[in-house]
Amino acid sequence: MLTEAGAKRRAALFVVQGSDGLAEHDRGGIDVLAASEVEFEAALRRENHTVKRALADPRLFSGIGNAYSDEILHRAGLSPFVQTQKMTAEQAGRLHAATQQVMAEWIERLREQAGDDFPREVTAFRPEMAVHGRFGKPCPVCGAPVQRIRYANNETNYCPGCQTGGQILADRSLSRLLKDDWPRHLEEL
Ligand SMILES: [Zn+2]
């Protein structure tokens with residue numbers, strides 16, 4: 001029996017036959033574990049978006065999505081708001097390495113936890129994550145409280161200590177409410 005615990009009903013399960021059936025679900029994103037630095041960088045810069053949006057876009061990168069993009073950006077020490085076409089070659093290289101490390105680590109961890117069984121209680125919120133779903137909790141690297149930026153359907157989590165040089169990025173809904181009381185820097189928190 002499969003049930004979805006979330007209220008948003010965004011999960012889906014498809015049954016397909018053969019590789020042709022599977023290909024119908026291919027959104028075109030590259031396999032990040034197989035991609036060279038050059039291939040990764042080409043996909044990253046194909047359109048100019050924030051790096052957060054580019055990483056989570058299945059048309060550019062296969063299998064990353066919202067939770068792992070937060071974890072990858074934390075590992076790479078990059079702000080989620082950097083524009084992909086303005087990133088330096090060094091930043092893109094760092095992101096490529098962080099993406100491969102984080103995805104390989106999580107594949108191994110999830111396979112270990114599932115064992116030979118069908119995976120149970122599948123969730124994007126896991127205690128081993130550094131920033132995703134950990135708003136207000138201390139970053140495991142620097143101890144700064146993890147921050148969030150909320151959108152209509154999603155949220156991005158990041159560490160101001162590791163990723164934005166201490167800057168608190170505006171969360172539109174909250175900064176409107178707090179106006180001048182909105183902390184701009186980690187030290188004001
Ligand atoms: Zn940190």
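Residues numbered from 1 in each chain as written. Predicted model: local features only at pLDDT ≥ 70, side-chain atom pairs only at ≥ 80, totals over all residues. Heavy atoms only, no water.

Chemist: Residue-level account of the packing of aromatic side chains, with values.
Modeler: Given two aromatic rings, their pairing is described by the distance between the two centres and the angle made by the two planes. Under the defined criterion, the tally for this structure stands at two aromatic pairs. Ring geometry for Phe40 against Phe61: centres 5.0 Å apart, planes inclined by 35°, an arrangement best described as tilted. On the criterion of sequence distance, the pair formed by Phe40 in helix H2 (residues 37-45) and Phe61 in strand S2 (residues 61-62) is long-range, its members being 21 residues apart. Note on Tyr68 and Trp106: the rings are 5.8 Å apart at their centroids and 55° apart in plane angle, and the pair reads as tilted. Of the two residues, Tyr68 sits in helix H4 (residues 65-76) while Trp106 sits in helix H5 (residues 89-114), which places them 38 residues apart along the sequence. Here the two residues Tyr68 and Trp106 agree in accessibility, since each one is buried. The cationic tip of Arg109 hangs over the ring face of Trp106; the distance from NZ or CZ to the ring centre is 4.3 Å. A cation over a ring is seen here: Arg148 above Phe135, with NZ or CZ 3.9 Å from the ring centre. (Phe/Tyr/Trp six-rings, centres within 6.5 Å; stacked < 30°, edge-to-face > 60°. Helix = DSSP H or I, 4+ residues; strand = E, 2+ residues; numbered from the N terminus. Buried < 20%, exposed > 50% of the residue type's maximum accessible area, 1.4 Å probe, protein only. Lys NZ or Arg CZ within 6 Å of the ring centre and 35° of its normal.)

Chemist: An account of the domain arrangement of the chain is needed here, citing residue identities and associated values.
Modeler: Assigned domains of the chain: these are domain 1 (30-119) and domain 2 (130-189). Averaged C-alpha coordinates put domain 1 and domain 2 at centres separated by 21 Å. On the side of domain 2, 17 residues touch domain 1, which itself brings 12 residues to the contact. A buried area of about 1200 Å², summed over both sides, lies between domain 1 and domain 2, and 57% of it is on carbon and sulfur atoms. On the domain 1 side of the contact with domain 2, Asp70, His74 and Phe81 bury the most area, a combined 47% of that side's loss. In this structure, the connection of domain 1 to domain 2 is made through zero salt bridges. In this structure, the connection of domain 1 to domain 2 is made through 10 residue pairs in polar contact (both at pLDDT 80 or more). Ranked by residue count, the leading element in the side of domain 1 that touches domain 2 is H4, at six residues. Residue composition of the side of domain 1 that touches domain 2, by class: five nonpolar, four polar and three charged. (Domains from an automatic or database assignment. Contact = heavy atoms within 4.5 Å. Buried area = accessible area lost by both parts, 1.4 Å probe. Salt bridge = Lys/Arg side-chain N within 4 Å of Asp/Glu carboxyl O. Polar contact = N/O pair within 3.5 Å; in protein donor to acceptor, adjacent residues only side chain to side chain. Nonpolar A, V, L, I, M, F, W, Y, C, P; charged D, E, K, R; others polar.)

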